[in-house]
Amino acid sequence: MNDAVTFRRMTEADLDAVLKIEYVGHGVINVIIDEAHLLNITVKPESQGRGLGLVLLEQLMKRAYEMNGRECFLELRDSNRSAYRLYERYGFNEIGRRRDYYPAVGGREDAIVMACTLFEE
Ligand SMILES: CC(C)(COP(=O)(O)OP(=O)(O)OC[C@H]1O[C@@H](n2cnc3c(N)ncnc32)[C@H](O)[C@@H]1OP(=O)(O)O)[C@@H](O)C(=O)NCCC(=O)NCCS
């Protein structure tokens with residue numbers, strides 16, 4: 001299935017089409033000098049559990065490397081086990097924890113900080 005999925009950078013000209021067909025997934029990375037940050041990755045609920053999250057993450061990390069990123073950092077909610085497993089599967093390791101970082105129902109929730117060294121494919 002994943003062979004049928006291709007990726008390219010979105011341009012302004014794509015926006016109408018994207019809004020019409022609805023997004024399948026998207027991710028946001030920020031690269032400063034050689035340090036990348038994964039700010040968001042989302043696959044729409046109906047399309048989850050088919051491996052799209054992993055291919056999207058692979059694509060984002062490839063792009064981060066092309067932009068000179070050599071290490072990538074991210075943060076996620078302690079309760080987001082599905083995302084945690086995805087990041088671990090790609091090669092991220094837990095490197096720290098920010099206590100009570102996120103607001104949560106009935107209180108606060110820790111953020112887990114993860115990091116991964118990026119290599120050329
Ligand atoms: C985190 C997220 C991006 C993962 O996307 P996804 O497309 O479901 O990811 P994958 O399909 O690659 O992996 C999800 C699960 O499906 C399984 N899977 C992948 N391909 C599969 C297949 N062909 N058949 C059956 N299961 C499959 C994976 O093993 C994984 O299982 P696990 O959760 O038990 O480890 C998605 O859950 C999401 O958008 N969540 C909401 C936003 C969010 O929390 N983002 C992260 C912020 S830090």
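This text goes with the structure placed above it.
An account of the accompanying structure is given in this report. (Residues numbered from 1 in each chain as written. Predicted model: local features only at pLDDT ≥ 70, side-chain atom pairs only at ≥ 80, totals over all residues. Heavy atoms only, no water.)

1. Topic: helix H3 (residues 81-90)
Logical step 1: Turning to H3, its buried residues are Ala 83, Tyr 84, Leu 86 and Tyr 87. For H3, the angular spread of the buried residues around the axis is 160°, confining them to a single face. Residues of H3 that are exposed and angled more than 90 degrees away from the buried face: Ser 82 and Arg 89.
Logical step 2: Looking at the buried positions of H3, the neighbouring elements they touch are strand E2 (35-43), helix H2 (52-66), strand E3 (71-77), strand E4 (93-104) and strand E5 (107-117). (Buried < 20%, exposed > 50% of the residue type's maximum accessible area, 1.4 Å probe, protein only. Helix = DSSP H or I, 4+ residues; strand = E, 2+ residues; numbered from the N terminus. Arc of directions from axis to C-beta. Contact = heavy atoms within 4.5 Å.)

2. Digging into the site of the ligand
Logical step 1: Close to the ligand lie 19 residues, the nearest being Ile 41, Val 43, Gly 51, Gly 53 and Asn 80.
Logical step 2: Contact distances for the ligand include 2.8 Å between an oxygen atom and a backbone N or O atom of Gly 53.
Logical step 3: For the ligand, whose free accessible area comes to 950 Å², the fraction covered by protein is 64%.
Logical step 4: Secondary-structure elements contributing two or more residues to the shell around the ligand are E2, H2, E3 and H3.
Logical step 5: It is H3 that contributes the most residues to the shell around the ligand, 6 residues altogether. (Near = heavy atom within 4 Å. Polar contact = N/O pair within 3.5 Å; in protein donor to acceptor, adjacent residues only side chain to side chain. Areas by Shrake-Rupley, 256 points an atom, 1.4 Å probe, with all protein chains shown as cover.)

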